[in-house]
Amino acid sequence: MNGEELLRLEDVTRVYRVGDTEVRALDGVSLQVRRGEFVALMGPSGSGKSTLLNVLGLLDVPTSGSYILEGRAVQGLAEDALAHVRRHKIGFIFQAYHLVPRMTAARNVELPLILAGEEPAARRDKVHRALDSVGLGGRAHHRPDQLSGGERQRVAIARAMVMGPQILLADEPTGNLDTRTGAEIVALIRRLHAGGLTIVLVTHDAGVASNASRLLRMLDGRFLPDGPP
Amino acid sequence: MKTADVLSLARESLRLHRLRTGLTVLAVAIGVTAVLLLTSLGEATKAYVTHQFVGVGTNLVVILPGRTETFGVGAGITTGIRDVTLDDCEAIRHRCSAVVDVAPVSLGSAAIEYGGRHRDVRVLGTTDAYARVRVLHAAAGQLLPPGDPRRGDQVAVIGSTVRRELFGAENPLGKSVRIARARFTVIGVLEPRGQSLGFDFDELALVPVGVGLRMFNQSGLFRVMAQAASAEDIPAAIRQVRAVLTERHKDEDFTLITQDAMLKSFRSVIDAMTLALAGIAAISLAVAGIGIMNVMLVAVSERTAEVGLLKALGADRGQILSLFLTEAIMLSGMGALAGLALGLALMQVGGLLFPALTLQPSVIWIAAVVALSLGAGALFGLSPARRAASLASVEALRGRR
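Student: Just to check I follow, could you spell out the overall build of chain B for this structure?
Tutor: Along the backbone of chain B there are twelve helices and 14 strands. Overall, the C-alpha framework of chain B stretches about 100 × 55 × 35 Å when taken along its three principal axes. In chain B, which comprises 401 residues, the share counted as buried stands at 41%. Considering only intrachain contacts with a sequence separation of at least 6, the fraction spanning at least 24 residues in chain B is 81%.

Right, dumping it as structure tokens:
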């Protein structure tokens with residue numbers, strides 16, 4: 001399966017209106033990602049990398065251009081159809097973790113399974129395995145405020161992986177972590193990549209980006225010419 | 001998403017803000033209690049009035065002298081003053097097959113005196129039939145004896161209050177009293193009955209009707225009570241009584257009232273009142289609904305980032321909508337339950353304080369008020385839930401609306 005195309009963007013633009021001015025967050029971006037690739041996106045603030053990640057994750061819709069995911073054009077799909085694709089094919093992790101504070105680690109990881117309507121027994125099993133795989137089997141019943149930053153990001157990774165996604169989209173996953181904890185998270189992401197998962201990761205940290213198999217630099221909504229990672 | 005999961009997620013988020021949830025539930029509960037109490041008060045009043053009517057005899061047709069215009073100019077004014085007499089009573093008794101009993105009634109007020117004490121009472125002239133149609137019983141002695149209504153001895157049956165005030169612990173039977181200065185022998189005492197539709201049966205002296213008419217120098221009766229054999233016979237009794245009296249008076253110069261008609265009009269008035277009270281109480285439910293809306297709007301703006309996250313995890317609009325709507329309906333549902341409990345408890349207390357009014361929860365009103373509060377929760381929860389569902393996920397993840 002490795003090497004086969006997973007997704008393709010063709011000439012994608014994303015234009016925001018801020019008052020009277022137009023902001024071209026993405027300005028004619030084309031990109032192909034193959035299965036099993038680990039792509040790092042770098043660039044200064046406002047270069048469009050987060051917008052690109054949101055477009056890839058179907059959280060944001062391009063103003064123009066096409067998006068083919070697993071051979072299917074997804075740019076014209078209705079909101080609920082996009083939600084369905086996100087649920088089954090895409091895992092997200094964020095800089096701010098975005099865990100629900102009132103829920104335990106296990107409950108947070110369980111959320112995607114609940115939304116997918118899975119049976120409680122099967123859910124418990126999957127949650128248990130997902131937390132074990134990020135080394136938090138013993139912290140299942142702790143709430144986010146009882147966990148360290150690194151542990152919270154691990155919970156978020158377990159949540160992203162629990163549905164068995166085709167691709168993991170990571171938006172500055174180490175941005176809120178100290179170097180040592182950040183390295184642990186990067187090691188975890190590398191392990192997932194080694195297991196065959198496709199990953200697109202946005203980062204400011206060249207050290208983090210150096211783990212990727214491919215590095216893309218962005219500026220003003222476009223890619224800079226590819227350089228060696 | 002499974003229903004059980006929707007419910008447990010909604011419960012988890014409501015539990016987070018106990019005070020806010022509690023206050024909103026309290027507001028709904030007060031509205032539900034108000035509706036429940038006021039409607040059960042209306043129902044109790046209706047039951048009380050019905051009881052009062054039934055207590056004074058059933059299947060009665062009351063014959064009043066004079067024609068009461070019930071519509072048109074001069075409504076309610078009695079015109080024509082031809083007397084209804086004892087002869088009319090005899091004719092009704094003999095010729096109306098649907099009528100099983102006829103009690104003539106004369107009425108006057110006079111002082112009753114015994115041993116230096118005196119008391120103003122109503123003096124009701126009638127026959128033995130009166131006790132039957134009014135369901136009166138003797139506590140001591142006997143009731144008015146049967147006999148020719150035109151004659152009759154100077155005997156009296158007195159009410160329980162009259163007996164207590166004039167005789168105290170003394171046995172009144174066989175004692176001589178003065179009513180309007182005429183001598184009467186007390187032959188019986190009525191069982192306590194209390195007020196019935198404003199008429200106090202305990203402050204009464206019953207005398208034979210012929211004696212009563214002469215005493216107050218009256219030529220005609222105050223009214224006549226005709227009792228039909230059953231409720232089904234009432235229309236026939238009315239027809240027959242009207243025919244007999246019209247024939248005798250050469251004119252319809254009398255008025256027939258059935259207990260049934262009075263009861264119906266009383267009930268419809270009370271029903272209208274109950275509905276009005278319920279309407280007023282429902283305003284407080286509407287206010288509680290606005291409270292729910294406010295709480296839910298706050299919840300949506302507090303949890304914007306959470307909504308964004310849920311969308312990123314693959315929640316569709318319907319799922320977000322149902323999560324927030326379920327919270328709103330849960331708030332109103334808990335309020336309805338608390339209100340029911342409070343209302344039922346207050347009814348128990350009310351029953352102890354006012355035993356005459358039996359405050360009973362009506363199943364229909366309970367169902368209506370529960371449906372109404374759940375409906376209010378859904379209605380007022382809908383707009384905040386839709387707002388949550390339509391949040392753009394990217395903006396929401398950044399915590400912006």
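Student: It is not clear to me how helix α1 (residues 3–16) of chain B should be interpreted in this structure. Could you clarify?
Tutor: Since one α-helical turn is 3.6 residues long, residues separated by three or four positions face the same way. All names here are of chain B. The first and last C-alpha atoms of α1 sit 20 Å apart over 14 residues, in line with the 20 Å expected at 1.5 Å per residue. Along α1, the positions that sit buried rather than exposed are Asp 5, Leu 9, Ala 10, Ser 13 and Leu 14. With its buried residues spanning 165° around the axis, α1 presents them on a single face. Facing away from the buried surface of α1 by more than 90 degrees, the exposed residues are Ala 4, Ser 8 and Arg 15.

Student: Could you clarify how one ought to interpret the interface of chain A and chain B in this entry?
Tutor: The interface is formed by 19 residues belonging to chain A together with 20 residues belonging to chain B. For the side of chain A that touches chain B, the secondary-structure elements that each account for two or more residues are α2 (79–89) and α3 (105–115) of chain A. For the side of chain A that touches chain B, the element with the most residues is α2(A), which contributes six residues.

Student: Just checking my understanding: could you explain the sheet that holds strand β4 (residues 64–69) of chain A for this structure?
Tutor: Sheet strands pair via backbone hydrogen bonds, and the direction of the pair is either parallel or antiparallel. Residue and element names in this part refer to chain A. Strand order in the open sheet formed by four strands is β2-β1-β4-β5, with antiparallel pairing between adjacent strands. With one partner strand each, in any of the chains shown, β2 (21–34) and β5 (72–73) form the two edges of the open sheet. When β4 meets β5, the two strands line up antiparallel, connected through two bridges. Bridged to Ile 68 within β5 is Ala 73. Packed onto the sheet, helix α1 (residues 49–56) meets β1 (5–18), β2 and β4 and runs at close to 60° relative to β2.

What counts and how
Residues numbered from 1 in each chain as written. Chains lettered and ligands numbered in written order. Predicted model: local features only at pLDDT ≥ 70, side-chain atom pairs only at ≥ 80, totals over all residues. Helix = DSSP H or I, 4+ residues; strand = E, 2+ residues; numbered from the N terminus. Buried ≥ 20, exposed ≤ 12 C-beta atoms within 10 Å, placed from the backbone. Contact = placed C-beta atoms within 7 Å. Expected span 1.5 Å × (residues − 1). Arc of directions from axis to C-beta. Pairing = 2+ DSSP bridges. Axes fitted to C-alpha atoms, helices over the stretch in contact; angles between N-to-C directions.

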